[in-house]
Amino acid sequence: MQQDFKILQKTYDMILYGNICLKQFPKSERYALAADIKNSMYRLLQLIVRANKKYYKKTTIEEIDIELDVLRTLIRLAADQQLKYLPIKKYENWSKMLNEIGKMLGGWMKSIKQ
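All values reported here derive from a predicted model rather than from experimental measurement.

Thresholds, definitions, all that
Counting of residues starts from 1 at the beginning of each chain's written sequence and follows it residue by residue. Two thresholds apply to this predicted model, a pLDDT of at least 70 for residue-level local features and 80 or more for giving and counting side-chain atom pairs, whereas whole-chain, interface and lining totals are computed over all residues. In computing side-chain properties, one takes all heavy atoms of the structure into account and sets aside hydrogens as well as water. Any two of the Phe, Tyr and Trp rings considered here, Trp counted by its six-membered ring, make a pair once their centres fall within 6.5 Å; the pair's planes then place it as stacked at under 30 degrees, edge-to-face at over 60, or tilted in between. Here a strand is any run of E in DSSP of at least two residues, a helix any run of H or I of at least four, and the numbering for each starts at the N terminus. Only protein chains enter the calculation, and the probe is 1.4 Å; a residue is then buried if its accessible area is under 20% of its type maximum, exposed if over 50%, and partly exposed in between. In these notes, a set of buried Ala, Val, Leu, Ile, Met, Phe, Trp, Tyr and Cys residues joined through side-chain atoms within 4.5 Å is what counts as a nonpolar core. Any two residues whose heavy atoms approach within 4.5 Å at even a single point are treated as in contact. Take the number of residues in a helix, subtract one, and multiply by 1.5 Å to get its expected span. Each reported salt bridge corresponds to a side-chain nitrogen of Lys or Arg within 4 Å of a carboxyl oxygen of Asp or Glu.

Turning our attention to the packing of aromatic side chains. Tallying each qualifying case throughout the model produces three aromatic pairs. Aromatic pair Tyr17 and Trp94: ring centres 6.5 Å apart, planes at 80°, arrangement edge-to-face. Of the two residues, Tyr17 sits in helix H1 (residues 2–22) while Trp94 sits in helix H4 (residues 88–113), which places them 77 residues apart along the sequence. Each member of the pair, Tyr17 as well as Trp94, carries the same accessibility label: buried. Ring geometry for Tyr55 against Tyr56: centres 4.8 Å apart, planes inclined by 90°, an arrangement best described as edge-to-face. Across the pair, exposure class does not vary: Tyr55 and Tyr56 are exposed alike.

Printed below as a string of structure tokens:
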């Protein structure tokens, strides 16, 4: 259960950081790509809370894994050289946070399969 709380806290911290990054997006993208990223971050948080409460966690954890990949892809798109909505340094920091959440999720997945 301690692992579950850590992933929730890491996701919470990632959302706080992500919202700071999204404020720097151009106005034209705040209701498009930035909104999609925000929705994905909040969906990730909701799924983690749901998984913590459920007895059978496997399908919810699989949904978390999928949502994490969606979020990674959207953030990579925002940092793409053609769009340049997200500075490379912020992209690197955000990616590190997502990778850490991914590693914790992998551990969580292994713990339920046993």
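Right, let's get into the nonpolar core. In terms of nonpolar packing, the biggest core is built from 31 residues, with Met14, Phe25, Ile37, Ile64 and Trp94 touching the most fellow members. When contributions to this core are tallied by element, the ones reaching two or more residues are H1, helix H2 (33–53), helix H3 (58–79) and H4. What Phe25 contacts, discounting residues up to four positions off in sequence, is Arg30, Leu33, Ala34, Ile37, Ala78, Tyr85 and Leu86.

Let us look at the environment of Phe5. Mapped onto the elements of the fold, Phe5 is located in helix H1. Residue Phe5 is classed as partly exposed on the basis of its relative accessible area of 48%. When the C-alpha positions of Phe5 and Leu98 are compared, they lie 16 Å apart, and in sequence the two are 93 residues distant.

What follows covers H4. The terminal C-alpha atoms of H4, which comprises 26 residues, lie 37 Å apart, in line with the 38 Å expected from a rise of 1.5 Å per residue. If you check which residues of H4 are buried, you get Lys90, Trp94, Ser95, Leu98, Ile101, Gly102, Met104, Leu105 and Trp108.

Moving on to the environment of Leu16. Summarising the element assignment, Leu16 is placed in helix H1. Using a relative accessible area of 46% as the deciding quantity, one classes Leu16 as partly exposed. For the pair formed by Leu16 and Met41, sequence separation is 25 residues and the distance between their alpha carbons is 9.9 Å.

Below, the discussion takes up the pattern of salt bridges. For the coordinates displayed, the defined rule picks out five salt bridges. In this structure, the salt-bridge partner of Lys10 is Glu100, at a minimum N-O distance of 3.0 Å. Of this pair, Lys10 sits in helix H1 while Glu100 sits in helix H4; the two residues are 90 residues apart in sequence, bridging distant segments of the chain. Relative accessible area serves as the criterion here: at 33%, Lys10 is assigned to the partly exposed category. The exposure class assigned to Glu100 is partly exposed, which follows from its relative accessible area of 37%. A salt bridge links Glu62 to Lys58; the nearest nitrogen and oxygen atoms lie 3.8 Å apart.

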